Amino acid sequence: MAERVVIVGGGFGGAFAAKYLRKSVVPGTQIELLNKDNYFVFQPLLPEVASGTINAPDAVTPLRYLLPGVKLRMAEVIGIDFDARRVTLLQGSRRLPQAISYDHLVLAMGQRTLLDRFPGFREHSMCMRDLADAHELRNKVIRRLEHADITEDGALKRLLLTFVVAGGGFSGVETIGELVEMIRRTLKFYPNIAADEIRPVLIQRGDRILPELPERLGAYAAKALAKRKVEIICNASINAATRSTVFLDDGSRIDTALLITTVGNGPHPFTEGLGLGLEHGKIPVDANLRVKGHDNVWALGDAALVPTEGEDEDRPRYAPPTAQFAVAEARCLAKNLGGAQKGETLRTFAFRPKGSLASIGNYRGVAEVFGIRLYGLPAWMLWRFLYIGMLPGFSTRLRVALNWLFDYFLPRSIVQIANRGDATTHFRCYAKGDVVSGPGQIPDGFYTVISGCLESRIPDQGSGEDFVRVLGPGDHWGERTITEGYLTKGTLTATEDTRVLVMEAGDFRNLCGAFPALDEYLSHISSKIYAPSLRK
């Protein structure tokens, strides 16, 4: 039987691992990639998506286009049994847990921005990690410009026109550079906003921005941003945020209606629950990219702690979380996984990056490539040339290149296309005879019957008879599966045309946490409406 390689994650590490594995594995090996989205996003371009330089759909590549011959499964991975070599996932609207087996497993889940470190960050800060973040940032900036142009409240106007970016690394510098460029290019459409009313602020914990680059390049970037009225605050960090204020660790405060966080990365909760003994918040791997203690499990990218020790003292001890390293790790991993199948000697991961580049907006950039340092327009042109070459797929390169060309001649769009998003609560309707849910599912919310009638039938192993519950207006279900992590045990069927109100699972947990009386009520009701053998 052909072996199966399962890859979890479709970022730089996962997508490029799948691409290289097609040529490295034993012929006939099945390669399957699991990802929550069906596209690959080139994260270095997200600031340009946010500023309107690049259209959002043009900055992504469908994984099915990029990876012919690789099976793609849009799914949420919820568990891994390393002993049984099995991955458990949720897919589709029914949310039935599915299990797929593997012979080799590749972990490339990346990391997440930790917004829980400081009070108010999760509620009042936004990240720049995926396409939705860039799209949301663009909409929020336009919304604030629109509001500031019409308000007559001076304090409110200052609040709306103050934009704070936390983090002076590549992502933070490129984000604020593009943000300033977007505002500069569109300000002519807002006659009641003067250029000197815009206050962009970049906050860096260290003593200079772009610490990844030589000091002279960082100093040039800081000087160029300062000329564009960017206020750079070094040796400071934000330790709390509210809807209208960020508080710095020195006791000062900045009133702002928009905070973007580009620092504070950490492991995804799923990664933490795998029991792999994380080090520095990452999965430890050996020099061959195998997860320590598991011969058939591999990891790479931001999720993995990849050693890079060598004779060169200037090399970092561990691979940094950059696209260059992720792609190099993917190439090495693919060769080693294929070599493991064939019984060959595995290679030690070794990579020397070509250099580092950053765009700071206004056709300016900084770069160090092969030891050569560039500033200004030459660095910016090299940045674009190299990024075009790194983009996966000819169609994506062409679309991005055309976006850049059009942006040079045409004005920026100020159209705000906001996402409606799902409300905290919404209604669903079921016809008589519809099966609402079956056994073994994970409901996506807390349900309350508004009208109609449903019948819940659960096999009761204790009595040998089915436990039947009739739900009418005012009755509810789903609370036990959400709060206690149970799977559904029976079948729920609409016996009449029925209308229900649904609250999303995460919002329901928040409500129970903030309203103890509700949690107590639901626990009390649960003990009454379920048979004793079903309460466990």
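So, here is what we can say about the structure in this document. (Residues numbered from 1 in each chain as written. Predicted model: local features only at pLDDT ≥ 70, side-chain atom pairs only at ≥ 80, totals over all residues. Heavy atoms only, no water.)

Observations concerning the overall build of the chain
Of the regular secondary structure elements, the chain holds 15 helices and 32 strands. In terms of C-alpha radius of gyration, the chain reaches 26 Å, essentially the compact-globule figure of 24 Å for 536 residues. In terms of overall dimensions, the chain has a C-alpha envelope of 80 × 70 × 45 Å along the principal axes. Buried residues in the chain amount to 50% of all 536 residues. A total accessible area of about 26100 Å² is found for the chain, and carbon and sulfur atoms account for 52% of it. When the 64 basic and 60 acidic side-chain charges of the chain are each reduced to a single mean position, those positions are 5 Å apart. (Helix = DSSP H or I, 4+ residues; strand = E, 2+ residues; numbered from the N terminus. Rg over C-alpha atoms; globule rule 2.2 N^0.38 Å. Buried < 20%, exposed > 50% of the residue type's maximum accessible area, 1.4 Å probe, protein only. Areas by Shrake-Rupley, 256 points an atom, 1.4 Å probe, with all protein chains shown as cover. Lys, Arg positive; Asp, Glu negative; His and termini not counted. Charge placed at Lys NZ, Arg CZ, Asp CG, Glu CD.)

Considering helix α8 (residues 215-227)
Taking 1.5 Å per residue, 13 residues should reach 18 Å; α8 reaches 18 Å between its end C-alpha atoms and fits that length. Buried within α8 we find L217, G218, A221, A224 and L225. Across the axial projection of α8, the buried residues extend over an arc of 125 degrees, all falling on one side. Residues E215, R216, K223 and K227 are exposed on α8 and point more than 90 degrees away from its buried face. (Expected span 1.5 Å × (residues − 1). Arc of directions from axis to C-beta.)

Topic: the pattern of salt bridges
Counted under the stated rule, the structure contains 18 salt bridges. In this structure, the salt-bridge partner of R185 is E181, at a minimum N-O distance of 3.9 Å. Of this pair, R185 and E181 both sit in helix α7 (residues 170-186), 4 residues apart, which is roughly one turn of the helix. E181 carries the same exposure label as R185, and that label is buried. In this structure, the salt-bridge partner of R373 is E368, at a minimum N-O distance of 3.5 Å. R373 sits in the partly exposed class, given a relative accessible area of 39%. We classify E368 as partly exposed; its relative accessible area is 22%. Each member of the salt-bridge network shares a partner with another, and the members are E181, R184, R185, R228, D407 and R412. (Salt bridge = Lys/Arg side-chain N within 4 Å of Asp/Glu carboxyl O.)

Regarding the packing of helix α1 (residues 12-24) against helix α10 (residues 323-342)
Look at α1 against α10: their axes get within 8 Å of each other, and the N-to-C directions meet at 35 degrees. Between α1 and α10 lies a crossing whose hand is right-handed. Contacts from F12, G13, F16, A17, Y20, L21 and S24 in α1 reach A323, A326, V327, A330, R331, A334, K335, L337, G338 and K342 in α10. Split by residue class, the contact of α1 with α10 holds 11 nonpolar, 3 polar and 3 charged. (Axes fitted to C-alpha atoms, helices over the stretch in contact; angles between N-to-C directions. Left-handed = near helix turned anticlockwise from the far one by under 90°. Contact = heavy atoms within 4.5 Å. Nonpolar A, V, L, I, M, F, W, Y, C, P; charged D, E, K, R; others polar.)

Section: the state of the cysteines
Working definition: the covalent bond between the sulfur atoms of two cysteines is a disulfide. Enumeration over the complete set of coordinates arrives at 0 disulfides. Here C453 is not disulfide-linked; the sulfur of C429 is the nearest cysteine sulfur, at 15 Å. A relative accessible area of 14% means that C453 is categorised as buried. (Disulfide = S-S within 2.5 Å.)

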